[in-house]
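Geometric and topological summary
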Amino acid sequence: MANLVEKTLTQAIEQRRATPSFDGVPVPATDLKKILEAGLHAPSGYNMQPWRFVVVSTPEQRRRLRGASFNQAKIEEAPMVIVACGDADGWRSGDLEEMLRLGREGGMTENYAEQAAMTIPEYLGNHPNLPAWLNKQVMLAFTTMMLMAEVLGYDTAPMEGFEADKVAEVLKLPLSYQVVALLAIGHLKGQEKFNGGRFSMARTVFDGEYGKPLRF
Ligand SMILES: Cc1cc2nc3c(=O)[nH]c(=O)nc-3n(C[C@H](O)[C@H](O)[C@H](O)COP(=O)(O)O)c2cc1C
């Protein structure tokens, strides 16, 4: 069960920690749906939404996914792991048409639609680094899901420790799919992880140009 009172986004952001260990209490379907829908609301370049997600919840698939992920125990402990992928071929196998159809429904002008229909295949067909492009888009949806899960009172663990070819085999992914990251969702078991802290703004944020500190 999620908490009956949702956290604010501020609380979720401040209180979130990468969860080291989960109890196995399941996530109800209504909450899973909210989490997934939140992710699907994320923005993406040209609204191309090249993300795909596989929800892994059966004990057998979690066991196999763990085997493809350097034996990370939390994958099997968590009631659910969302495997976030990018589809390198989505734009040429129907996504472009669907994006335009939805856009027109929402008021996209014909002029914009015609431009997009020409520009997007040109852009993605010649992209110098499609894996990086996919990563960028998919991580936005992934992060949105993670924060929605935290807002609903769940604990989460993002993971990049996996062998992509093995994950693809376990999940029977098409060849055009790139595995981007894993998100375990459930409830913390035992001790919370230490708080690793964050670099200061003086180190990470600049005002207008590199090296100039932003002052408040
Ligand atoms: C993209 C990404 C991949 C990560 N991969 C793993 C992982 O495979 N295994 C793991 O135990 N933690 C993983 N982490 C968790 C990080 O170690 C953790 O987020 C970081 O130490 C900061 O701690 P905090 O999230 O509790 O603030 C990952 C985090 C991110 C964002």
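What you see is a predicted model; the values in this text were computed from it and never measured. For every chain, the first residue of the written sequence is number 1, and numbering continues from 1 along that sequence. Predicted model: local features are reported for residues with pLDDT of at least 70 only, side-chain atom pairs are reported and counted for 80 or more only, and whole-chain, interface and lining totals are derived from all residues. With hydrogens and water stripped out, all remaining heavy atoms of the structure feed into the side-chain values.

Some remarks on the packing of helix 5 (residues 95–105) against helix 6 (residues 110–125)
Stated formally: Under this scheme, a helix contributes an axis fitted over its contacting stretch, all axes are lines through C-alpha atoms, and angles between N-to-C directions fall in the 0 to 180 degree range. Counting from the N terminus, the helices are DSSP H or I runs at least four residues long and the strands are E runs at least two residues long. Orientation categories follow fixed angle ranges, with anything under 35 degrees roughly parallel, anything over 145 roughly antiparallel, 65 to 115 roughly perpendicular, and all other angles oblique. We call a crossing left-handed when the near helix sits turned anticlockwise from the far one by less than a right angle, and right-handed when that turn is clockwise. Contacts are assigned to residue pairs with any non-hydrogen atoms lying within 4.5 Å of each other.
For the pair helix 5 and helix 6, the least separation of the axes is 11 Å and the interaxial angle reads 165°. By the criterion of interaxial angle, the relationship of helix 5 to helix 6 is roughly antiparallel. Considering the relative orientation of helix 5 and helix 6, their crossing is right-handed. Across the interface between the two elements, L96, M99, L100 and R104 of helix 5 pack against E110, A113, A116, A117, I120 and P121 of helix 6.

A word on the UniProt feature "domain: Nitroreductase" (unreviewed entry) in the protein
Put simply, the rule is: UniProt positions are given in the numbering used here, feature names are shortened, and annotations may be inferred rather than shown by experiment.
With numbering matched to this structure, UniProt assigns "domain: Nitroreductase" (unreviewed entry) to residues 13–187. Between the C-alpha atoms that bound residues 13–187 there is a distance of 17 Å. The span itself is 49% helix and 18% strand.

Details of the pattern of salt bridges
For the record, the criterion: What makes a salt bridge here is a side-chain nitrogen of Lys or Arg within 4 Å of a carboxyl oxygen of Asp or Glu, nothing more. Only protein chains enter the calculation, and the probe is 1.4 Å; a residue is then buried if its accessible area is under 20% of its type maximum, exposed if over 50%, and partly exposed in between.
Scanning all chains against the criterion turns up 9 salt bridges. Across the pair R101 and E98 runs a salt bridge, and its minimum N-O distance is 2.9 Å. Taken as a pair, R101 and E98 lie in helix 5 at a separation of 3 residues, close to a single helical turn. The exposure class assigned to R101 is partly exposed, which follows from its relative accessible area of 41%. Taking the relative accessible area as the measure of exposure, E98 reaches 35% and is therefore partly exposed. Here K166 ties to E163 by a salt bridge, and the two come within 3.2 Å at their closest N and O atoms. Judged by its relative accessible area of 37%, K166 falls in the partly exposed class. Here the residues in one salt-bridge network are E98, R101 and E105, joined through shared partners.

Let's talk about the environment of A181
Here A181 lies in strand 5 (residues 177–188). Among the residues examined, A181 registers a relative accessible area of 5% and is labelled buried.

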